[in-house]
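# Residue-level structural notes
These are the residues of each chain, in order.
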2 protein chains.
Amino acid sequence: MSVTLKQVADAAGVSVSVASRSLNGRAREYRISETTEKSVKTTAAKLGFQPSQVARSLRLKRSGLVGVVVPDLSNPFFASIAREVTLAAEQDGYSVIVVDTRETTANEEKLVGQLLARQIEALVVCPVGQTQDHLSAIHDSGLPVVLVDRGFPDSKLTQVTSNHRAGAQQATELLLDHGHRLIGILQGLPGTLPNDERLAGLRAGLAQRNLDFDTTLLAGDNFSERSGYESTHALLRRHRGITALFAFSTPNALGALRATLELGRRVPEDLSLVTFDDIPFADFMSVPLTTVAQDVTALGRTAADLITQQLSGSKPPRLKNHCVQVHLINRNSIREVKR
Amino acid sequence: MSVTLKQVADAAGVSVSVASRSLNGRAREYRISETTEKSVKTTAAKLGFQPSQVARSLRLKRSGLVGVVVPDLSNPFFASIAREVTLAAEQDGYSVIVVDTRETTANEEKLVGQLLARQIEALVVCPVGQTQDHLSAIHDSGLPVVLVDRGFPDSKLTQVTSNHRAGAQQATELLLDHGHRLIGILQGLPGTLPNDERLAGLRAGLAQRNLDFDTTLLAGDNFSERSGYESTHALLRRHRGITALFAFSTPNALGALRATLELGRRVPEDLSLVTFDDIPFADFMSVPLTTVAQDVTALGRTAADLITQQLSGSKPPRLKNHCVQVHLINRNSIREVKR
DNA sequence: CTGAAAGCGCTAACAC
DNA sequence: GTGTTAGCGCTTTCAG
């Protein structure tokens, strides 16, 4: 089947040790004659020798494997993060094993276990987000772990997240500046860090103007389009005077659009709408929505850098929480209202 | 660091072979006493034993690894395919190594080589598409290989592709039915199977009506937005009487939209537009475009099934070319024109 | 400058 | 029922 080092050595008429050293560019170091080195290399090439990474891994105790854990690879947000890590890993000669947890913690735990059994050298995970115990255990065992997107407050783990709070605050202030006071909030999954940080930013924005947060203006229970759709209906029924909606995800916003369409209210003429971007396809979207855009590439790249650093230098990162800036893109889905 | 089988065996007061057999559920087979089996299992659990997949792979000559090669993981089309394969693999206890070739054949060859060195047991590849020699060589060596999306005509490799030809023909007929005769074609990358099959479908649609294909109505050189944009400008300048455009990709169509906007022509009032979907986000897109939709999930799942089959049954698939049906979604971006 | 041999962690003959 | 041992393919002391 596959050609082994021994076969190369035999064909070249040398011992396996010489073959190994020649092929690993350590001929100098071991003072192997140029002729034998060349000869080994050419016969290896002729036989199409591919050193077995498996054997290599066993011997060196280095698998050259990095694990990437995402809840849904078909979501461009996570796919982009996986991509950045993959590209960085390829650069450094590592390979990436990607697993998809389908948004369930049980799968996450099982799959992470399998990754560990494969002797991965680092782990990048976009956690489902309920619990971090199994992840910090891994961290404690000495394996570099980086969390992306959904983190945990006060975690000892290295985390990379967008500055949800600042983004939400900015968006809130923009709405307030335009005179909006009755703002419906379409939130995502409560309890997750992105959602709760966005809520915190919202509160901060209101507090800045000495305004209180009216919890009856809050609706929604996850980041899906359906949640946005149903929450919009509920909120507009509950509060006739709502002039603006703040959606915590793009699907939430799309649901809102669908609902408002049904209700005969137009965006932005009759109702302003601002959203948080989870996906990098914003430019292609249906309505030019004003949005707090996440820098997905920066998220992925930061995670990749953090991993790369630890893989090479093996020094743990000084900074625990890495915050990636968001930026507000004003596409004019917010109208001025008179007070 | 990590606990080995020997440590478990010692702790349980048995030999490694007994430990191995107990843990692999072959106690029955080797008639190991229930007590020892239990004892081994509990001590293993207590020590947190994780069998080294690396050692296992070396010994069994089975890595449990599947390689997935895509040109751009941040593209939802390829991400979805990768996902389906990943989920299927996880189901069967395999893990997936994903590599991103950044659309260049050189990377593709290099990365596939690395995958082989890792002793992968199967390979799913969305090829860049210029050459298949390195891929068929792998096939010849006995490794299950499945090509997805971009295939090669008359290849001996197993391929899974959308029925581009039928889809293009359907779209063409739809345009002709609406009275269009001067139809501008915004093509993608010439020479790739999807592009050329779509051209073939177009020709077939025209031939059906005894119409000739006017090559001066063809423009574009890749699947990007820019190509669509420039081609639209060129075509509309060249042929004043064009009443419809057929874009071969969603980005192509978006480019067309941008160009027509600049030219003050509205879709569909002044100009009809039909497109081919490469991405699963069509419902969220800017204009309700009539489109030939690819079933990305079916593409991925078919590939996954083909791999799974060969991995378990080890029987080569009887069918070489697997064609996934497309379906036309009429969102009314085509207007009737009088002849 | 080169070779023999140990051993990474595991499984499977082959003994007893 | 259980233990001993060879060996997967590779790197690396340690001897020449």
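What you are looking at is a predicted structure, and each value in this text was computed from that prediction instead of being measured.

Below, the discussion takes up the UniProt feature "domain: HTH lacI-type" (unreviewed entry) in chain A. If you check UniProt for "domain: HTH lacI-type" (unreviewed entry), the listed places come out as residues 3-60 of chain A in our numbering. Regarding residues 3-60 of chain A, the helix share stands at 72% and the strand share at 0%, and the terminal C-alpha atoms are separated by 20 Å.

Residue and element names in this part refer to chain A. Strand order in the open sheet formed by six strands is 7-6-8-9-10-12, and the pairing between neighbours is mixed. Each having just a single partner strand, strand 7 (218-219) and strand 12 (327-329) make up the two edges of the open sheet. Taken together, the three bridges between strand 10 (residues 290-293) and strand 12 define a ladder with antiparallel strand orientation. Paired with alanine 293 across the strands is histidine 327, a residue of strand 12. Sitting on the sheet, helix 11 (residues 225-238) touches strand 6 (183-186), strand 7 and strand 8 (244-247), and the angle it makes with strand 6 is about 155 degrees.

Moving on, we get to the protein's contact with DNA strand D. Surveying the vicinity of DNA strand D reveals 28 residues, the closest of which are A:Leu5, A:Arg26, A:Arg59, B:Ser17 and B:Arg31. The sugar-phosphate backbone supplies 61% of the atoms of DNA strand D found within 4 Å of the protein. The side chain of B:Thr36 places a nitrogen or oxygen atom 3.0 Å from a phosphate oxygen of DNA strand D. Where the surface near DNA strand D is concerned, the elements lending two or more residues are helix 2 (16-23) and helix 5 (53-60) of chain A together with helix 2 (16-23) and helix 4 (53-60) of chain B. In terms of residue count, helix 5 of chain A provides more of the surface near DNA strand D than any other element does, four residues in total. The residue inventory of the surface near DNA strand D, partitioned by class, reads eleven nonpolar, nine polar and eight charged.

Residue and element names in this part refer to chain A. Position of asparagine 252 relative to the elements: it lies in helix 12 (residues 250-262). Its relative accessible area of 0% is what places asparagine 252 among the buried residues. A distance of 3.3 Å separates a polar atom in the side chain of asparagine 252 from the backbone oxygen of asparagine 222. For asparagine 252, the residues in contact, after removing those within four places along its chain, are Leu186, Gln187, Gly188, Asn222, Phe223, Ser224, Glu225, Ser227, Gly228 and Ala247.

All right, on to the relation of the copies chain B and chain A then. For these two chains of identical sequence, chain B goes onto chain A by a turn of 179 degrees and a shift of 0.0 Å along the axis, with RMSD 0.2 Å. On the angle and the small slide along the axis, the relation comes out as a two-fold axis.

About the cut-offs
- Residues numbered from 1 in each chain as written.
- Chains lettered and ligands numbered in written order.
- Predicted model: local features only at pLDDT ≥ 70, side-chain atom pairs only at ≥ 80, totals over all residues.
- Heavy atoms only, no water.
- UniProt positions renumbered as here; feature names shortened; annotations may be inferred.
- Helix = DSSP H or I, 4+ residues; strand = E, 2+ residues; numbered from the N terminus.
- Pairing = 2+ DSSP bridges.
- Contact = heavy atoms within 4.5 Å.
- Axes fitted to C-alpha atoms, helices over the stretch in contact; angles between N-to-C directions.
- Near = heavy atom within 4 Å.
- Polar contact = N/O pair within 3.5 Å; in protein donor to acceptor, adjacent residues only side chain to side chain.
- Nonpolar A, V, L, I, M, F, W, Y, C, P; charged D, E, K, R; others polar.
- Buried < 20%, exposed > 50% of the residue type's maximum accessible area, 1.4 Å probe, protein only.
- Least-squares fit on C-alpha atoms with pLDDT ≥ 70 in both.

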